[in-house]
Amino acid sequence: WGDKITDIRKVHEESNAQPEPEFAPEISAKSLGLETVEAQLQYVRDNAMELKQKMEDCGAVVFRDFELMKTQDGFQDFYNALGMKVCLDPLHSVSARPTVDGKKGSPVYEAVNKESRKNFFIGMHNEFVGTRAPRAAAFVCFKAAEEGGEFLIADGRKMFRDLSPQLVEELYNRGIRYSVMELPFFGWVDNLPGFAQEPVMGALKAAVSAAINAKVDFSVELRWGQAGYDNTRMLQARAPPQPPIVLHPVTGDPTWFCNVHSHSSKLRKERESVYGAERFEDGASQINKSDMFYGDDGDLSPEALQEMDELTYKNMRYVKMTEGDVVLLDNYKCMHGRNVFDGTRKHGVAWFEGWEGEEEMKEAIRREKVKSMPPPFFATVQ
């Protein structure tokens, strides 16, 4: 998760003293007079570094009115012309996200378009599994839903600034921890004789833990708990503690990197009262339930959850995408989500481990920082 921030309060105060950064500007092919697919592709090639720099400076860039990206082939031509380095889906080690064209090994994945998930509001989050986090992503619209289905984005730098100093300090010093899975299949244990329950639970926990840790590329800890309306006995898998705020790997900007809005079971329950209960149509959906705690396994207070929830909605931007529109985003600076929808929605996503010219960007920022540093004491003495 990068370097530890030694004085989070000071960094928070310094961030709020800086001018507010620009976030997610739009680039329109129509406004640029790019009428043909060839002209659009040439524009991307000619301005690749500038466009990637804009993504880094602004967290995201929204591309509008491009014929080029209306097909999967054109979308791939787009990000290849930019010099983006494709990587596997972060979920690759734990589940198989379907691809847009249905082909195994295809680099463009479905972006939660299932009809069964249409009333599930996907809360704001950065994409990662364990410590596997792509550097960037490009989300594309091949077909917009008839109603709703907007792509949602939020600036992680602004989220960090807007949080109260007290909450920033508590969250950062205690860390955060996600439960990433619930296995609600062990109600039968309660029907065993009392003397047999503890040994059986110990054996089950050991066996399931070994199976899960062999499957995923990060360690999980299993805990017994209860879930559902009938308090069925279940095993909950928790990922290791991590910081909710990180320093950006290129620019060094402190940014909110915390998936409480999507992972908190309490916040999801509150959204169900608005959009309806989530429809679980297969076993995997029932297993993939999440929650968030402090890094020491303490529960988040209702006040802390309310503050984070309200600030997330305050910073959330609804991006109504039409066919060919693309949102290119930095996964560390920009959170994303999806609104509920009706109709047929076909959006895709490609993930990137980096891009051509990334090291040059880092070096330019390093030189700029050195240039802005005050001269050493001995150099000022005449």
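See above for the structure.
Computed from a predicted model, the values in this text were never measured in an experiment. (Residues numbered from 1 in each chain as written. Predicted model: local features only at pLDDT ≥ 70, side-chain atom pairs only at ≥ 80, totals over all residues. Heavy atoms only, no water.)

1. Overview of empty space enclosed by the protein
Tallied over the entire structure, the rule returns one cavity of 30 Å³ or more. By volume, the largest cavity is sized at about 30 Å³. Every residue lining the largest cavity is listed: A144, A145, G148, G149, E150, K320, M321, R345 and H347. Here the lining of the largest cavity is built from residues that sort into three nonpolar, three polar and three charged. (1 Å grid on protein atoms, 1.4 Å probe; cavity = no way out; pocket = protein on both sides within 12 Å on 5 of 7 lines; lining within 4 Å. Points joined across faces, edges and corners; volume = space filled by probe spheres on them. Nonpolar A, V, L, I, M, F, W, Y, C, P; charged D, E, K, R; others polar.)

2. A few points about the side chain of R177
Mapped onto the elements, R177 comes out in strand β9 (residues 176–183). With a relative accessible area of 7%, R177 lands in the buried category. A distance of 3.0 Å separates the side chain of R177 from the side chain of D297, its partner in a polar contact. Residues in contact with R177, not counting those within four places in the same chain, are E221, R238, A239, P240, P241, D291, M292, F293, Y294, G295 and D297. (Helix = DSSP H or I, 4+ residues; strand = E, 2+ residues; numbered from the N terminus. Buried < 20%, exposed > 50% of the residue type's maximum accessible area, 1.4 Å probe, protein only. Polar contact = N/O pair within 3.5 Å; in protein donor to acceptor, adjacent residues only side chain to side chain. Contact = heavy atoms within 4.5 Å.)

3. Observations regarding the packing of aromatic side chains
The full count for this structure, using the stated rule, is twelve aromatic pairs. Their ring planes at 75 degrees and their centres at 5.1 Å tell us that F63 and F78 sit as a pair that is edge-to-face. Of this pair, F63 sits in strand β2 (residues 60–64) while F78 sits in helix α4 (residues 72–82), and the two are 15 residues apart along the sequence. Of the two residues, F63 and F78, neither departs from the other in class, the shared state being buried. Considering the side-chain rings of F121 and Y313, the 6.4 Å spacing of their centres and the 45 degrees angle between planes classify their relative orientation as tilted. (Phe/Tyr/Trp six-rings, centres within 6.5 Å; stacked < 30°, edge-to-face > 60°.)

4. A closer look at the pattern of salt bridges
Scanning the entire structure with this criterion turns up 27 salt bridges. Linking E56 and R135 is a salt bridge whose minimum nitrogen-to-oxygen distance equals 3.6 Å. On the criterion of sequence distance, the pair formed by E56 in helix α3 (residues 48–58) and R135 in the loop between β5 (122–125) and β6 (136–143) is long-range, its members being 79 residues apart. Assigned by exposure class, E56 and R135 land together as buried. Residue E115 pairs with K118 through a salt bridge whose shortest N-O separation is 3.2 Å. Accessibility expressed as a relative area gives 41% for E115, which makes it partly exposed. (Salt bridge = Lys/Arg side-chain N within 4 Å of Asp/Glu carboxyl O.)

5. A short note on the pairing of β9
Where burial is concerned, most of β9 is hidden: seven out of the eight residues are buried. Bridging between β9 and strand β14 (residues 291–294) involves four bridges; their strand directions are antiparallel. By the bridge assignment, S179 is partnered in β14 with D291. Of the pairings in the sheet, the one linking β9 to strand β11 (residues 232–238) comprises four bridges and is antiparallel in character. Pairing of E182 across the sheet is with Q236, part of β11. (Pairing = 2+ DSSP bridges.)

6. Looking at the environment of T344
Position of T344 relative to the elements: it lies in the loop between β18 (341–342) and β19 (346–355). Residue classification places T344 among the partly exposed residues on the basis of a relative accessible area of 48%. Taking the C-alpha atoms as reference, T344 lies 7.7 Å from N113; in sequence the two are 231 residues apart. Excluding its chain neighbours within four sequence positions, the residues that come into contact with T344 are K143, A144, A145 and E146.

7. A closer look at the sheet that holds strand β17 (residues 334–338)
Overall, antiparallel pairing links the four strands, which are arranged β5-β17-β8-β15 in an open sheet. Two strands lie at the open edges of the sheet, namely β5 and β15 (317–319), each paired on one side alone. Here the average twist between neighbouring strands, direction ignored, is 20 degrees. Both β5 and β17 contribute to a ladder of two bridges, which runs antiparallel. The residue of β17 that forms the bridge with I122 is R338. (Axes fitted to C-alpha atoms, helices over the stretch in contact; angles between N-to-C directions.)

8. Observations regarding the nonpolar core
The biggest cluster of nonpolar side chains holds 35 residues, and the ones touching the most others in it are L171, I245, W256, V260, L300 and M308. Counting residues per element, the ones that place at least two in this core are α1 (8–17), β8 (151–155), α5 (156–162), α6 (165–174), β9, β12 (245–247), β14 and α11 (302–315). (Core = buried A, V, L, I, M, F, W, Y, C linked by side-chain atoms within 4.5 Å.)

9. Topic: the state of the cysteines
In total, this model carries zero disulfides according to the counting rule given. Looking at the unpaired C58, the closest cysteine sulfur is the one in C334, lying at 11 Å. Since its relative accessible area comes to 0%, C334 is described here as buried. (Disulfide = S-S within 2.5 Å.)

10. Describing the side chain of N126
For N126, the location among the structural elements is in the loop between β5 and β6. Judged by its relative accessible area of 1%, N126 is buried. Not counting residues up to four positions away in its chain, the partners in contact with N126 are W256, F257, C258, N259, N331, Y332, C334 and M335.

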